[in-house]
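Take a look at the letters that make up each chain.
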Amino acid sequence: MAKKTIRTIPQARTPMPEQPPELRVRNFDEVATGYRQEDALVEAERCLDCADEPCVRGCPVGIDIPGFIRALGGRNFRGAYDVITDTNLLPSVCGRVCPQENQCEGVCTVGQPPSQLEPVAIGRLERFVGDLAIREGWANVPYIEHNRFKVGIVGSGPAGMACAADMAKAGCEVVVYEAFHEPGGVLKYGIPDFRLPNAIVDLEIDKLRALGIRFECNTLVGRLFTIEQMITEMGFHAVFIGTGAGYPSFMGIPGESLGGVLSANEWLTRCNLMHGREFPNYDTPLQPGRRVAVIGAGNTAMDALRVSLRLGAEQVMCLYRRTAQEAPARAEELHHAEQEGVQFHWLTSPTELIGDAQHNVRAVRCERMELGAPDASGRRRPVAVPGSGFEIEADTVIYAIGTNANPIIGQTSGLQLDKRGYIAADAELATSIAGVFAGGDIVTGAATVIEAMGAGRRAARAMKAWLGLRDAASIAGGDGADEPARRLFGLPRGEHGYARLHL
Amino acid sequence: MSDFEIVKRADYSDVTYLLEVRHPAMARAAQPGQFVIVMEHERGERIPLTIADYDRERGTITLVIQAVGKTTKEMQQRCQVGTRLHAMVGPMGIPSRIGHAKKVVCVGGGLGVAPVYPQARAYKEAGAYVIGVLGFRTRALMFWEDRFRACCDELVVCTDDGSAGLHGLVTEGIKQAISAHADIDEVVAIGPPVMMKGCCDVTRPFGLRTMVSLNPVMVDGTGMCGGCRVKVGEGVKFACVDGPDFDGHQVDFDDLMLRLKRYRPTEQAALAEWQESCRLRGGPGHGH
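First, a word on scope: everything that follows refers to the structure included in this document. Residue positions are given per chain, counting from 1 as you read along its sequence in written order. Chains carry letters from A onward and ligands carry numbers from 1 onward, assigned in written order. For a predicted model such as this one, the threshold for reporting local features is a pLDDT of at least 70, and the threshold for listing and counting side-chain atom pairs is 80 or more; totals across whole chains, interfaces and linings nevertheless cover every residue. To get the side-chain values, all heavy atoms of the structure are used, and hydrogens and water are removed first.

### Let's talk about the overall build of chain B
Next up, step 1: The helix and strand inventory of chain B stands at nine helices and 16 strands.
Next up, step 2: Throughout, the radius of gyration refers to the C-alpha atoms, and the reference size of a globule is 2.2 Å times the residue count to the power 0.38. Compactness check: chain B gives a C-alpha radius of gyration of 19 Å against a globular reference of 19 Å for 288 residues, within 12% of the reference.
Next up, step 3: The principal-axis extents of the C-alpha atoms in chain B amount to approximately 60 × 40 × 40 Å.
Next up, step 4: Only protein chains enter the accessibility calculation, which uses a 1.4 Å probe; a residue is then buried when its area is under 20% of its type maximum, exposed when over 50%, and partly exposed in between. When burial is assessed residue by residue, chain B has 60% of its 288 residues classed as buried.
Next up, step 5: Only heavy atoms matter for contacts: two residues are in contact if any of them lie within 4.5 Å across the pair. Pairs at least 24 apart in sequence give 66% of the contacts found in chain B among residues at least 6 apart.
Next up, step 6: When the accessible area of chain B is evaluated, it comes to approximately 11500 Å², of which 50% is carbon and sulfur surface.
Next up, step 7: Charge assignment in this entry is limited to Lys and Arg as positive and Asp and Glu as negative, and neither His nor the chain termini are counted. Note that the charge is assigned to NZ on lysines, CZ on arginines, CG on aspartates and CD on glutamates. When the 34 positive and 35 negative side-chain charges of chain B are each reduced to one mean point, those points stand 2 Å apart. A run of H or I in DSSP counts as a helix once it spans at least four residues, and a run of E counts as a strand once it spans at least two, with each numbered from the N terminus. Only the protein chains shown count as cover for residues, and the accessible areas themselves come from Shrake-Rupley with a 1.4 Å probe.

What follows is the structure, encoded as structure tokens:
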């Protein structure tokens, strides 16, 4: 077969089948229904299998992307699944929620100028393979040779799941602690079913259980026992903290305690994890509004907006102080929200929430903004236009303007925190307590699911080195292990485990 | 960790009941002032309840619950010895600071009587002179007088109708304690917001430090949802992770009371529907 070139591959990116907007705003089923086999085979043809493989470097977890697409193109679906699960146990999750346009697809050779083509739809192909594996009941449980190490993971979200998987595969006994009554973290309480069904998350978690990972829910680490107790009393040789940023920000403007004003986290948790949308069959109340205003324009804001539409709101508005160009949400999310009927009020900043006689919110007082000089983030700073105040009627106001550091681990441990209250960690994600690693939003502040997974895996690598475990990706001890300074009693320091002495 | 088995139940009145739940790890960790979040069944809501007592030896957590809404009434029907809760997580919140106060007044009103008990006992163990002030609507609702007698140097019981003890609200009991003792260091008041507000109004003129325990609407209890935000002084705090104890003189109780009403219409509808379904199914004890 002749080598594929940019001219011989199918030119158009295979579209993702979707529920039509007018239908999907009335249900919580998935918007993107997934590639059919014929879609996947055509799209797989578009990969040039280039020598450079920029996509692999663009992937935070380094999936062998050309490898799995090659197998897929050859109709070796199981083989494609095997390639992906070598590095990523959660293809059905990542294929759905990764911002591929900034990662693998953003650097894909097919999409690079001077080419006029769109990049290979890597995320859609990954999801196709992951979903097929679920339907076929495939699971790749590697042979695991158990070692004597016990690893504790705090938080069962994407960072914790990724770290847990790697440590279990390395042979450690792994226990994951979760404060909620179900594992999954933000994948469960935050991301709505129409983007990532909770049933898919549960199936992926079952795969982690098949590796021998134990999930302990209803466990608030810090308060039920401390990080220090895990190391000193509970027999954990290493601990990973991936508790997420969770402490939603408000603006501090008047009226924020009015009824009907809440954080996107609360809104989404009531709807997704607690099934408030099925009230009274489920007991958690939700009180959907008729006119909903969401402040912020990130992915969480898009989720809150689209949930509101599906709960039957008549008018759903996005208020953002900059413009569509600066909005942090993925282009696809903005597009979906727009298709479904969300009204965008760009260059609009709330200054006050106005209540009615029952202390419920009835309107948002806003002012117009214009973009001035770029600020520290490189985005042009919004500046209020004097005298531009106006009101927008709303009976529900949802804040999706980011989060602050959750204080629980800081309150209950001696871990060093950074200036903003997040856990201080070095490049290897090691914290100030030996054997304790941290990653994801609790270290970096709010980011994406795949970045958290990448951090979980990076921490797992460091943890393996610290425990002296051999790792296919890095030889224990690393470079210079033979230097005298790197040896203890004649042995490379990285080659053996630690005994913790209590004096 | 635990399967949340109920090992003891006691009923103090038509509305007040005690559940003792087996959870050895939590019994070891619990401190006065902390709370748990409970789910009775898998479709239930998560409700915060202050820990009324813990027994480290028996490995149990004690909750005293007032049946006021659908969830607490349903729990009253279904939670019997040998049954299990779907979930119980905790201990949550920052433990009460049991400082070096030499003389304290521990005030509990209605559903606040049980939660103030661990603090009264902790103060006693720390060597303080403890004056207990308990408020009930009427004699028939009284409970735990014996437990308080055992850890209080003085105990004032108040009833709204005068059927037992002092005729009047707990604020009368506090006034009495303040007039009898000029050297009170601290007041701890736990109960309905309107009661805590009344207590703070009494102690404010005396500049008497008054700690209150707030129990606003919560979902996760870990700081993630922000539903429990309360106005304290100039700032906004999350009761679940910044509290639940706050300096009562700084708390905006009017704001708290308005926020607590937010879900009342939906909750009342749920309660009415549930009671109707109980009636149709011929009585309590139905499953899902």
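### Considering the pattern of salt bridges
Side chains that carry opposite charge are capable of pairing whenever their charged atoms lie near each other.
Residue and element names in this part refer to chain A.
Next up, step 1: Criterion for a salt bridge: a side-chain nitrogen of Lys or Arg within 4 Å of a carboxyl oxygen of Asp or Glu. Counted under the stated rule, the structure contains 51 salt bridges over all chains.
Next up, step 2: The shortest N-O distance in the salt bridge between Arg195 and Glu333 comes to 3.5 Å. Of this pair, Arg195 sits in the loop between α10 (186–189) and α11 (198–210) while Glu333 sits in helix α15 (residues 331–340); the two residues are 138 residues apart in sequence, bridging distant segments of the chain. For the residue pair Arg195 and Glu333, the accessibility class agrees, reading buried in each case.

### Some details on the interface of chain A and chain B
By convention, interface size is frequently given as the accessible area that disappears when the constituent parts associate.
Next up, step 1: Listed as interface residues are 44 residues of chain A and, on the opposing side, 51 residues of chain B.
Next up, step 2: Throughout, the accessible surface (probe 1.4 Å) given up by two parts as they are put together, summed over both, is called the buried area. When chain A packs against chain B, close to 3900 Å² is buried across both sides, 57% of that on carbon and sulfur atoms.
Next up, step 3: Three residues, Arg223, Asp283 and Gln287 of chain A, lead the burial of chain A against chain B; their summed loss comes to 18% of the area buried on that side.
Next up, step 4: At the boundary of chain A and chain B, one finds one salt bridge.

### A word on the pairing of strand β6 (residues 60–66) of chain B
Residues and elements named next belong to chain B.
Next up, step 1: The buried count for β6 comes to six of seven residues, which makes it a mostly enclosed element.
Next up, step 2: In this scheme, strands are said to pair when DSSP sees at least two bridges between them. One ladder, built from seven bridges, connects strand β2 (residues 16–22) with β6; its direction is antiparallel. By the bridge assignment, Val21 is partnered in β6 with Ile61.
Next up, step 3: Of the strand pairs in this sheet, strand β5 (residues 53–55) and β6 are connected by three bridges, and their pairing is antiparallel. In the strand pairing of β6, Tyr54 is matched with Ile61.

### Some remarks on the packing of helix α2 (residues 70–78) of chain B against helix α9 (residues 264–280) of chain B
Residues and elements named next belong to chain B.
Next up, step 1: Orientation of α2 relative to α9, taken along the N-to-C sense of each, is 30°, at an axis distance of 9 Å. When the interaxial angle is binned, α2 and α9 end up roughly parallel. The residues of α9 that touch α2, namely those facing Lys70, Lys73, Glu74 and Gln77, are Ala270, Leu271, Trp274, Gln275 and Cys278.
Next up, step 2: Looking at the contact of α2 with α9, its residues break down into four nonpolar, two polar and three charged. Interaxial angles span 0 to 180 degrees and are taken between N-to-C directions of axes, which are lines fitted to C-alpha atoms, for helices over the stretch in contact. Every angle not falling under 35 degrees, over 145, or within 65 to 115 is termed oblique; those three ranges are roughly parallel, roughly antiparallel and roughly perpendicular. Classification used: nonpolar for Ala, Val, Leu, Ile, Met, Phe, Trp, Tyr, Cys and Pro, charged for Asp, Glu, Lys and Arg, polar for all others including Gly.

### Regarding the sheet that holds β2 of chain B
All names here are of chain B.
Next up, step 1: Pairing in this open sheet of four strands is antiparallel, and the strands run β1-β2-β6-β5 from one edge to the other. Looking along the sheet, the strands with just one partner apiece sit at the ends: β1 (6–11) and β5. Mean inter-strand twist for the sheet, computed between neighbouring axes without regard to direction, equals 20°.
Next up, step 2: Against the sheet, helix α3 (residues 113–125) touches β5 and β6, its axis set at about 60° to β5.

### Describing the packing of aromatic side chains
Residue and element names in this part refer to chain A.
Next up, step 1: Here the aromatic set is Phe, Tyr and Trp, taking the six-membered ring for Trp, and pairing holds for ring centres within 6.5 Å; pairs whose planes are under 30 degrees apart are stacked, those over 60 apart are edge-to-face, and all others are tilted. The full count for this structure, using the stated rule, is 15 aromatic pairs over all chains.
Next up, step 2: Ring centres of Tyr81 and Trp138 lie 5.9 Å apart, and the angle between their planes is 40°; on these two criteria the pair is classed as tilted. Within this pair, whereas Tyr81 is found in helix α5 (residues 77–87), its partner Trp138 is found in the loop between α8 (122–136) and β1 (150–154), the two being separated by 57 residues in sequence. Accessibility assignment for this pair places Tyr81 and Trp138 in one class, buried.

### Concerning the environment of Leu211 of chain A
All names here are of chain A.
Next up, step 1: Within the secondary structure, Leu211 sits in the loop between α11 and β3 (214–216).
Next up, step 2: Measuring from C-alpha to C-alpha, the distance between Leu211 and Val141 comes to 6.1 Å, with 70 residues separating the pair along the chain.
Next up, step 3: In this view, Leu211 contacts Leu89, Asn140, Val141, Pro142, Ile144, Ala165, Ala168 and Lys169; residues no more than four positions away in its chain are not counted.

### A word on the sheet that holds β1 of chain A
Residues and elements named next belong to chain A.
Next up, step 1: Pairing is parallel in the open sheet, where five strands are placed in the order β3-β2-β1-β4-β14. The open sheet is flanked by β3 and β14 (436–438), the only strands paired with a single partner. Within this sheet the neighbouring strands show an average axis-to-axis angle of 20°, counted without direction.
Next up, step 2: Here strand β4 (residues 238–241) pairs with β14 via three bridges, running parallel. Looking at the pairing, Ile241 lines up with Ala438 of β14.

### Some remarks on the environment of Arg380 of chain A
Residue and element names in this part refer to chain A.
Next up, step 1: Structurally, the position occupied by Arg380 is in strand β11 (residues 380–384).
Next up, step 2: Here the alpha-carbon distance between Arg380 and Glu370, two residues ten residues apart in the chain, equals 9.2 Å.
Next up, step 3: What Arg380 contacts, discounting residues up to four positions off in sequence, is Arg322, Leu371, Gly372, Ala373 and Pro374.
Next up, step 4: Polar contact is the term for a pair of N or O atoms within 3.5 Å; when the atoms are in protein, one must be able to donate a hydrogen and the other to accept it, and sequence-neighboring residues count only if both atoms are side-chain atoms. A polar contact is formed between the side chain of Arg380 and the backbone oxygen of Leu371, at a distance of 3.0 Å.

### Considering the environment of Arg121 of chain B
All names here are of chain B.
Next up, step 1: Locating Arg121 in the fold gives a position in helix α3.
Next up, step 2: For Arg121, a relative accessible area of 19% gives the class buried.
Next up, step 3: For the pair Arg121 and Cys152, spaced 31 residues apart in sequence, the C-alpha to C-alpha distance is 7.8 Å.
Next up, step 4: Sequence-distant contacts of Arg121, that is, excluding residues within four places in its chain, are made with Asp53, Tyr54 and Cys151.
Next up, step 5: Of the polar contacts made by the side chain of Arg121, one reaches the side chain of Asp53; its length is 2.9 Å.

### Observations regarding the side chain of Arg223 of chain A
Next up, step 1: Looking at the element boundaries, Arg223 of chain A is found in the loop between β3 and α12 (227–232).
Next up, step 2: Notably, Arg223 of chain A is buried but unbridged: the nearest opposite-charge side chain belongs to Asp242 of chain B, and the N-O separation is 8.7 Å.
Next up, step 3: Within the structure, Arg223 of chain A has its side chain in polar contact with the side chain of Gln411 of chain A (distance 2.8 Å).
Next up, step 4: Within polar-contact distance, the side chain of Arg223 of chain A engages the backbone oxygen of Gly93 of chain B at 3.4 Å.
Next up, step 5: Among all residues touching Arg223 of chain A, those that are not within four sequence positions of it are Ile408, Gln411 and Thr412 of chain A together with Ala29, Gln34, Pro91, Gly93, Ile94 and Pro95 of chain B.

### Some remarks on α15 of chain A
Residues and elements named next belong to chain A.
Next up, step 1: Every buried residue belonging to α15 is among Glu333, Leu334, His336, Ala337 and Glu340, and all of these are buried. Each buried residue of α15 lies within a common arc of 165° when the element is viewed along its axis, so the set occupies one face. Along α15, exposed side chains directed more than 90 degrees from the buried face belong to Ala331 and Glu338.
Next up, step 2: Tucked inside the fold, the buried residues of α15 contact α1 (21–24), α14 (299–310) and β8 (343–345).
Next up, step 3: The first or second residue beyond α15 is Gly341, which carries a positive phi of 110°. By arc we mean the arc of the directions from the helix axis to the C-beta atoms, nothing more.

### Quick look at unusual backbone geometry
Next up, step 1: The linkage connecting Pro113 of chain A with the following residue, Pro114 of chain A, adopts the cis geometry, with an omega of 10°.
Next up, step 2: Along the chain, Pro114 of chain A falls in the loop between α7 (104–107) and α8.
Next up, step 3: Cis rather than trans, the peptide bond between Gly243 of chain B and Pro244 of chain B has omega equal to 15°.
Next up, step 4: Here Pro244 of chain B lies in the loop between α7 (239–242) and β16 (245–247).
Next up, step 5: The phi angle at Asn218 of chain A is positive, at roughly 55°, despite the residue not being glycine.
Next up, step 6: Tracing the sequence through the fold places Asn218 of chain A in the loop between β3 and α12.
Next up, step 7: With relative accessibility at 8%, the residue Asn218 of chain A sits in the buried group.

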